[in-house]
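# Residue-level structural notes
One letter stands for each residue in the lines below.
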Amino acid sequence: MTKLTFPSGGRLNRVPEVTVELWLIKLMAVTMGETAADYLAVNLGLGLSVTSLVMTVALIAAIVLQYRQKAYIPWVYWTAVIMISVVGTLVADNLVDNFGVPLEVTTVIFTVALAVTFFCWWKSERTLSIHTIFSDRRETFYWMAILFTFALGTSAGDLVAEELGLGYLTTGIIFGIVIAAIASSYYLLKMNGILAFWISYILTRPLGASMGDLLSQPTEYGGLGFGTTYTSLLFLGAIVLIVVYMTMSYQPEQSTP
């Protein structure tokens, strides 16, 4: 069960603890981010530019709502994650489709952007831990990192699946194996927890994107042909159920530092 914690000075942590539920809903959120972006841009005919504008406005509203809480509220936090998942996908897609930037280049760009974010975060706060997100500045670094992990994961996943021609299923298996190796290193070899978390967080994006594309893309393109509509609704339903469970099990037990 999730409990309110006071990491420093009686201030509440604004993001969830690392639990099985976190990884499940995060994986589903990134999968939905991939299919929802395609659904809005293609199926609804909004186009990439209009979809990007609409979802950016929705993301700003979600982030503003999140900042106003000053604590972790499951439905508010995960709404922001879903919005940033879609926008992160769209940022990467815009560079590739609208500006013709190769996937190899976008992967490098987002890797550098994420590294710079982590560097500035560390220089400013001397920690990259998600267990002490209790100030606006730390939360800003946190959401910047999350955005770049989604954009990087989108580019890296597309690079492996499409540019290298490995296909969605093989790509998903590869990233799944790497994540399993990171988890094993953390539990068995005592790998640094912060490093293990952020690497896994980055890699769940291409894993989820590969799953989304595998389910939604037509069979002639290597998918199973379920379409973006049904795939998005499937994962949205699963996300809602998990968030409801997390909200019901959320226990605001306050402990003094």
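Refer to the structure printed above.
Notes on the structure in this doc start here. Keep in mind that this is a model prediction, so the values were computed, not measured.

### Things to note about helix α2 (residues 47-69)
Compared with an ideal rise of 1.5 Å per residue, which puts 23 residues at 33 Å, α2 spans 33 Å between its outermost C-alpha atoms and is within 8% of the ideal. If you follow the buried residues of α2, they end up packed against α1 (20-43), α3 (74-98) and α5 (136-163). Downstream of α2 by one or two residues, K70 has phi in the positive range, about 60 degrees.

### Let's talk about the nonpolar core
Inside soluble globular proteins, nonpolar side chains tend to come together where they are buried. Grouped together as the largest cluster of nonpolar side chains are 53 residues, with contacts concentrated most on Y77, W78, W121, Y142, W143 and W198. For this core, the elements supplying multiple residues, two or more each, are α1, α2, α3, α4 (103-125), α5, α7 (193-216) and α8 (227-248). Here this core takes eleven residues from α3, the largest share from any one element. Residues within four places of W121 in sequence aside, it is in contact with R126, T127, L128, S129, I133, R138, F141, Y142, A145 and W198. By size, the runner-up hydrophobic cluster in this structure holds five residues, among which are F175, I179, L203 and L207.

### Some points on the pattern of salt bridges
Here the structure, examined in full by the defined rule, presents five salt bridges. Linking D136 and R14 is a salt bridge whose minimum nitrogen-to-oxygen distance equals 2.6 Å. You can see D136 sitting in helix α5 and its partner R14 sitting in the segment before α1, a full 122 residues away along the chain. Residue K70 pairs with D136 through a salt bridge whose shortest N-O separation is 2.9 Å. Placement of the pair is K70 in the loop between α2 and α3 and D136 in helix α5, with a sequence separation of 66 residues. Note on D136: relative accessible area 35%, which makes it partly exposed. Each of R14, K70, D136 and E139 takes part in a single network of salt bridges with overlapping partners.

### Some thoughts on the side chain of T171
As for its placement among the helices and strands, T171 is situated in helix α6 (residues 168-189). Under the relative-accessibility criterion, T171 is labelled buried at 0%. Leave out the neighbours within four places in its chain, and T171 touches G157, V160, A161, L166 and S210.

### Description of a nonpolar patch on the surface
Residues L233, L236, V240, V244 and M248 make up a contiguous nonpolar surface patch of about 470 Å² in total accessible area. Mapping V240 onto the fold places it in helix α8.

### Considerations on the packing of aromatic side chains
Any aromatic ring pair is given by two values, namely how distant the centres are and how the planes are angled relative to each other. Going through the model one piece at a time under the given rule, you end up with 16 aromatic pairs. With centroids separated by 5.5 Å and ring planes inclined at 50 degrees, the aromatic side chains of W23 and F197 adopt a geometry described as tilted. Linking W23 in helix α1 with F197 in helix α7, this pair joins segments that are 174 residues apart in sequence. Using a relative accessible area of 25% as the deciding quantity, one classes W23 as partly exposed. Look at F197 and you get buried, because its relative accessible area is 8%. In this structure, K26 is placed above the aromatic ring of Y201, and the distance from its NZ or CZ to the ring centre is 4.0 Å.

### Remarks on the environment of V18
Looking at the secondary structure, you find V18 in the segment before α1. With relative accessibility at 39%, the residue V18 sits in the partly exposed group. Residues V18 and I130, spaced 112 residues apart in sequence, show a C-alpha to C-alpha distance of 8.8 Å. Ignoring anything within four residues of it in the chain, the contact list for V18 reads W23, I130, H131 and F197.

### Digging into unusual backbone geometry
Unusually for a residue other than glycine, K70 sits at a positive phi of about 60 degrees. The backbone of R126 sits at a positive phi, close to 65 degrees, despite the residue not being glycine. By secondary structure assignment, the location of R126 is in the loop between α4 and α5.

Rules of the game
- Every chain's residues receive numbers from 1 upward, in the order its sequence appears when written.
- Owing to the predicted nature of the model, reporting of local features is limited to residues with pLDDT of at least 70; listing and counting of side-chain atom pairs is limited to 80 or more, with chain, interface and lining totals taken over all residues.
- Side-chain numbers come from the whole structure's heavy atoms, not from hydrogens or water.
- To qualify as a helix, a DSSP run of H or I must reach at least 4 residues; to qualify as a strand, a run of E must reach at least 2; elements of each kind are numbered from the N terminus.
- Under the convention used throughout, the expected extent of a helix is 1.5 Å for every residue step, that is, one less than its residue count.
- Here, residues are in contact when the closest pair of their heavy atoms is within 4.5 Å.
- The nonpolar core is taken to be a set of buried Ala, Val, Leu, Ile, Met, Phe, Trp, Tyr and Cys residues, with the residues joined through side-chain atoms within 4.5 Å.
- Exposed residues in this analysis have more than 50% of their type's maximum accessible area, buried residues have under 20%, and partly exposed residues fall in between, with area computed by a 1.4 Å probe over protein chains only.
- Between Lys or Arg on one side and Asp or Glu on the other, a salt bridge is scored when a side-chain nitrogen of the former is within 4 Å of a carboxyl oxygen of the latter.
- Each patch is built from residues lacking any salt bridge and having more than 30% relative accessible area; the joining distance is 9 Å for like charges and 5 Å for nonpolar side chains (Val, Leu, Ile, Met, Phe, Trp, Tyr).
- The accessible surface values rely on the Shrake-Rupley method and a 1.4 Å probe; as for residues, cover is taken only from the protein chains in view.
- Ring pairs shown here join Phe, Tyr and Trp side chains whose ring centres sit within 6.5 Å, with only the six-membered ring taken for Trp; geometry is labelled stacked below 30 degrees between planes, edge-to-face above 60, and tilted in between.
- In this analysis the charged atom, NZ for Lys or CZ for Arg, is taken to sit over a ring once it is within 6 Å of the ring centre and within 35 degrees of the ring normal.

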